[in-house]
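# Residue-level structure breakdown
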Amino acid sequence: MLNPRYKRILLKLSGEVLLSKQAFGINPDVVRDVASEISSVFKLGVQIGIVIGGGNIFRGIAASSKGMDRSRADYIGMLATVMNSLVLQDALEKQGTPVHTQSAISMDKVVDPCIIRKALRHLNNGHVVIFAGGTGNPYFTTDTAAVLRAEEIHADIILKGTKVDGVYDSDPVKNPDAKFMKHVSYMEVLKKGLKVMDTTAVSLAMDNKLPITVFKLKKKGNIADVVCGEPIGTMIT
């Protein structure tokens, strides 16, 4: 039996993790695999909050760079996160994991409003909570939303699942000589411009001394291993 190091976590997923080889949309097989990994951690008794991006459907920053009004583009991106959250909720429920989805954008026909008091009650009752809709405001990324929600629910740590093993000093996809960094400080991330999270998110985590672990999501068992304190990925403190 694995022994969790953390009682309550905030798992940050990019929308791109729901893709496979296609350039757009949602791959049901990938969603099922991600849900299975999350459910295995849930069964350890860990309380789980989740924030997922919407980049597999719509990227607000990309659209605004091509002439769309930034606020409107960001709101469309927030709607994409709701779509992804509902897909993940469905997959988790099929795994037998109880889930509540809350949205920072009001749409009570589909999801509950984001009320932290209720989210805490759900977590304490042994339910996963997915936070959709970002922060509910334009100009803020889902990375910032993840740090905000983590602070609001008093999470012990943020786990950011990515395509790579952790943080490198440059893009390992573009630079084969990129060096892996096992531990890095918030200030190093900010000063070196490391592409981990946006600067607002990192600054907020730093101000509140909230640790972040960046790890490879699609390796089976990685989420559980990180939760149990295994030296996987990169720790940011």
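Okay, so let's go over this structure. Note on numbering: residues in each chain are counted from 1, in written sequence order. Whole-chain, interface and lining totals are the exception, using all residues; otherwise, since this is a predicted model, local features are given only for residues with pLDDT of at least 70 and side-chain atom pairs are given and counted only at 80 or more. Only hydrogens and water are removed before side-chain values are computed, so all heavy atoms of the structure are retained for them.

### Regarding the side chain of Thr-162
Stated precisely, the cut-off is as follows: Helix and strand definitions follow DSSP, with helices as H or I runs of at least four residues and strands as E runs of at least two, each counted in order from the N terminus. When checking whether two residues touch, look at their non-hydrogen atoms; a contact exists if any pair is within 4.5 Å.
With respect to the helices, strands and loops of the structure, Thr-162 is situated in strand β6 (residues 157–162). Not counting chain neighbours up to four residues away, the residues in contact with Thr-162 comprise Val-214, Phe-215, Lys-216 and Leu-217.

### As for the pattern of salt bridges
What counts, and what does not: When a carboxyl oxygen of Asp or Glu is within 4 Å of a side-chain nitrogen of Lys or Arg, the pair counts as a salt bridge. Per-residue accessibility, obtained with a 1.4 Å probe over protein chains only, is compared with the maximum for each type, and a residue is labelled buried under 20%, exposed over 50%, and partly exposed between these values.
In the structure shown here, the tally under the stated rule is 8 salt bridges. Two residues, Lys-220 and Glu-37, come together in a salt bridge whose shortest N-O distance is 3.8 Å. With a gap of 183 residues between them, Lys-220 in the loop between β10 (212–216) and α8 (222–227) and Glu-37 in helix α1 (residues 28–42) connect regions that are remote in the sequence. A salt bridge links Lys-160 to Asp-143, with the shortest nitrogen-to-oxygen separation between them at 3.4 Å. With Lys-160 in strand β6 and Asp-143 in helix α5 (residues 142–152), this pair connects stretches of sequence that are 17 residues apart. Of the residues examined, Lys-160 reaches a relative accessible area of 10% and is grouped as buried. Salt bridges linked by common partners bring Lys-12, Asp-143 and Lys-160 together as one network.

### A closer look at unusual backbone geometry
Within the chain, His-154 stands out as a residue other than glycine whose phi angle is a positive 60 degrees. Here His-154 is to be found in the loop between α5 and β6. According to the relative accessible area criterion, His-154 is exposed, its value standing at 57%.

### With respect to the sheet that holds strand β9 (residues 183–184)
Selection rule: Strands are treated as partners if at least two bridges between them are detected by DSSP. The angle between two axes is taken between their N-to-C directions and runs from 0 to 180 degrees, where each axis is a line fitted to C-alpha atoms and a helix contributes only its stretch in contact.
Read from one edge of the open sheet, 9 strands run β4-β3-β5-β2-β1-β6-β10-β11-β9, paired in mixed fashion. This sheet does not close on itself; its edge strands, each paired only once, are β4 (112–113) and β9. Across 3 bridges, the pairing between β10 and strand β11 (residues 234–236) is antiparallel. Within the sheet, the bridge partner assigned to Val-214 lies in β11 and is Thr-234. Against the sheet, helix α4 (residues 116–124) engages β1 (8–13), β2 (47–52), β3 (99–103) and β5 (128–132), with an angle of about 150 degrees to β5.

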